[in-house]
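Listed below, chain by chain, are the residues.
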Amino acid sequence: MSTEVASPVLVRSDRILLILSVALTFGAGFAHYGEWNSVLRFLLAAAAVAVLASVVGHSVDQLGDRFGPGATGVLQSALGNLPELFICIFSLKAGLVDVVRAALVGSILANLLLVLGLAFVAGGLRHGTQQLGSARARTITVLMLLSVTAMSIPSVAHWIHTPASEHEDAFSLIVSVLLLVLFALNLPASLRRDPDEARPVDEADPGDGTTEPEEEHEHPRWPVWLAIGMLAAASLLAAFVSEWFVDALQPAMDSMHISQAFAGLVVVAIAGNAVENVVGIQLAASGRSAYAFAVVLNSPIQISLVLAPLLVLISQIAGFATLTLVFSPMLVAVLMLSVVLAAFIYFDGESNWLEGATLVVLYGIIATAFWWG
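In this numbering scheme, every chain counts its residues from 1 along its sequence in written order. Whole-chain, interface and lining totals are the exception, using all residues; otherwise, since this is a predicted model, local features are given only for residues with pLDDT of at least 70 and side-chain atom pairs are given and counted only at 80 or more. Computation of side-chain values covers all heavy atoms of the structure but excludes hydrogens and water.

1. Focus on the pattern of salt bridges
Salt bridges are identified by distance alone: a Lys or Arg side-chain nitrogen within 4 Å of an Asp or Glu carboxyl oxygen. Under the defined criterion, the tally for this structure stands at one salt bridge. Notably, a salt bridge pairs Asp98 with Arg101, separated by 3.7 Å at the nearest N-O pair. You can see Asp98 and its partner Arg101 sitting in helix 6 (residues 97–127), three residues apart, about one turn around the helix. A simple rule labels every residue: compare its accessible area, found with a 1.4 Å probe on the protein chains alone, to the largest value its type can have, and call it buried under 20%, exposed over 50%, or partly exposed in between. Overall, the relative accessible area of 45% leaves Asp98 in the partly exposed class. When its relative accessible area of 16% is taken as the criterion, Arg101 is described as buried. In this description a helix means any DSSP run of H or I spanning at least four residues, a strand means any run of E spanning at least two, and both kinds are numbered starting from the N terminus.

Put into structure tokens, the structure is as follows:
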């Protein structure tokens, strides 16, 4: 008869993350209400947003085995995008429309190039070539291509001066509603757990390359009530910190001479997507590729199908600065290029560390191109 030693609910890394999130949140609050340097206030708020997003991601990861990779990816991407949603709402309220547009595109680029590339590097260096081919991966890739293309159509109509370009607000509203409907139609398939995902590890074929070793798989340690409580608390704090972040953003951009395009494309995108930045890379490094790539690629889909349409609707309903789905040619060009490259890699069915390094370098080149605006 075997005896199992119960895993602790909060291990050392959990306690460090929680202490850091509380400390940075209090620090950002003191900086916001005190006479602190604008750059320091901005950096503290950005760090607090990133750490709170990591708490959200860690909490959802503790629910992962209960739902499967598909549902976990959807849930983690949805909750992980909450800080960015708050940041974009407060930015629209402050009239920073260019920051929001750049942040939407930057979030997709950060996931498809930076995070996916780092995940390929981390997983490839530790485990060699990672197999990605599966029906779910191909479905996610096709939906990503379709959703990003649909989000870009109002921009094309604006550039070539079609009659629709004279009705940008109405056109963007219609496209936003249709994208939200598409997300709702795809949601049941995304949440469904495939039979091979529900199969126990010891019943899987050891040579099919579709499962990860059991010893590398960390089973949930948190009870459901604790994970849900952490999600609620981190999401609530993220709303406050996001407002402080936006309040410090404009003075910090002026002090550091950063353009709105670069601030949205890089700074806001990376801070608001800390869940995918951290969790996706950690999962790939531990050999859990099914979870890693579901988390990373579900985020661009939710940004194009949910976050961008919601912000268009909120800007119209709440009376903030009007946001439309009309982006600059440079933003759409790098967006479509990145989506096509990610699709090629996924349809190839495997990844290695060199492909990941190439994606990271490409992200650095694109970020540099927007440094001047």
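2. Concerning a nonpolar patch on the surface
Patches in this entry comprise residues that are over 30% relatively accessible and not in a salt bridge; like charges within 9 Å are linked, as are nonpolar side chains (Val, Leu, Ile, Met, Phe, Trp, Tyr) within 5 Å. Surface exposure here means Shrake-Rupley accessible area, sampled with a 1.4 Å probe, where a residue is shielded only by the protein chains that are shown. Taken together, the side chains of Val22, Phe26, Phe30, Trp36 and Leu40 make up a nonpolar region of the molecular surface, amounting to roughly 540 Å² of accessible area. The element best represented in the nonpolar patch is helix 1 (residues 12–33), accounting for three residues. With respect to the element layout, Phe26 can be found in helix 1. Overall, Phe26 belongs to the exposed group, its relative accessible area being 54%.

3. A short note on the packing of aromatic side chains
When two rings of Phe, Tyr or Trp (its six-membered ring) have centres within 6.5 Å they constitute a pair, described as stacked for plane angles under 30 degrees, edge-to-face for angles over 60, and tilted for the intermediate range. Counted under the stated rule, the structure contains two aromatic pairs. Between Phe42 and Phe245, the aromatic rings sit 5.2 Å apart at their centres with planes inclined by 35°, giving tilted as the arrangement. Remark: Phe245 occurs in helix 10 (residues 224–256) and Phe42 occurs in helix 2 (residues 38–61); sequence separation between them is 203 residues. Assigned by exposure class, Phe42 and Phe245 land together as buried. Ring geometry for Phe262 against Trp371: centres 4.8 Å apart, planes inclined by 80°, an arrangement best described as edge-to-face.

Treat this as a map of the structure, not an account of what it does.
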